[in-house]
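Read off the chains here:
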Amino acid sequence: MKNKLAIFIIIIHSVFLKAQTEVKVNTLFLPVGVVNAASEQKLTKHITVQEELFISPWKSVSGRHLQIYMATLEGRYYFTESMKKWYVGAYFSVANFNLQKWNYWNDMVVLDENDQPEILADGSTRVTSRYQKGYSFIFGISGGYHFIINQKLGLDIFAGIGSSQGLYKGYFKDNNQRYDQPHGWNKSGEIIPTRGGLMLTYKL
């Protein structure tokens, strides 16, 4: 899946290689070892297209799984001129994840096949953390402002919210066994913020 995301970015970038291009990196995520890089190409006076890659390589942060590999394709409309000042956009993202969803951050009592708490040999109730592995498909809208520093450098502050549709399997953290049905995929859908940050931009 990771290789497919990289190939997707390369193909899209090559299509617009001859257009006016900016490369970007998200300055908010770099200090914590998360890579969020992008390339934006001018299509018309007001319209651009951006390819974006988000990589969170961490198998564990404070005991929680946090691996995310996500590719995004976004179309933007600038009200003044491409790559200057205010803009709105629409985007599609596909992600592969191994993480602990926010609603599973607290340890939970493990239930047996009869939906009763599992009792250990010492008489205590089994409690464990849970995590999820799967894929997500996101459709969303975005907005932001592109600052010009000089002829080459700029800043792109942005945010996006979308409908995230996920397919995943759930596991116990202590033994990596399924806590949900042993076969098949779980499905989830929610509207959440999925993008945001402050990109340092460089015009090629």
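Residues numbered from 1 in each chain as written. Predicted model: local features only at pLDDT ≥ 70, side-chain atom pairs only at ≥ 80, totals over all residues. Heavy atoms only, no water.

In this structure the tally under the stated criterion is eight salt bridges. A salt bridge links Glu74 to Arg76; the shortest N-O distance between them is 3.0 Å. Of the charged contacts, one joins Arg76 and Asp156 as a salt bridge, the two residues approaching to 2.9 Å between their closest N and O atoms. Of this pair, Arg76 sits in strand β4 (residues 64-78) while Asp156 sits in strand β9 (residues 153-172); the two residues are 80 residues apart in sequence, bridging distant segments of the chain. Under the relative-accessibility criterion, Arg76 is labelled buried at 2%. (Salt bridge = Lys/Arg side-chain N within 4 Å of Asp/Glu carboxyl O. Helix = DSSP H or I, 4+ residues; strand = E, 2+ residues; numbered from the N terminus. Buried < 20%, exposed > 50% of the residue type's maximum accessible area, 1.4 Å probe, protein only.)

Counting residues in each nonpolar core, the largest one holds 12 residues, listed as Val34, Phe54, Ile68, Met70, Tyr91, Ala95, Phe97, Leu99, Ile138, Tyr168, Phe172 and Tyr179. No other element matches strand β5 (residues 85-99), which puts four residues into this core. Non-local contacts of Val34, meaning those with residues more than four positions away in its chain, are made with Phe29, Phe54, Ile55, Ser56 and Trp58. Within the second largest apolar cluster, six residues are counted, among which are Ala38, Tyr87, Phe158 and Met199. (Core = buried A, V, L, I, M, F, W, Y, C linked by side-chain atoms within 4.5 Å. Contact = heavy atoms within 4.5 Å.)

A word on the environment of Val35. Its location among the elements puts Val35 in strand β2 (residues 35-42). Judged by its relative accessible area of 38%, Val35 is partly exposed. With 22 residues separating them along the chain, Val35 and Pro57 place their C-alpha atoms 8.7 Å apart.

We now examine the pairing of β4. With 13 bridges joining them, strand β3 (residues 47-61) and β4 adopt antiparallel strand pairing. Its bridge partner lying in β4, Leu53 is registered against Ala71. Pairing geometry for β4 and β5, over 13 bridges, is antiparallel. Opposite Arg76, over in β5, you have Gly89 as the bridge partner. Linking two consecutive strands that pair antiparallel, namely β4 and β5, is a turn of six residues; a positive phi of about 65 degrees is found at Met83 within it. (Pairing = 2+ DSSP bridges.)

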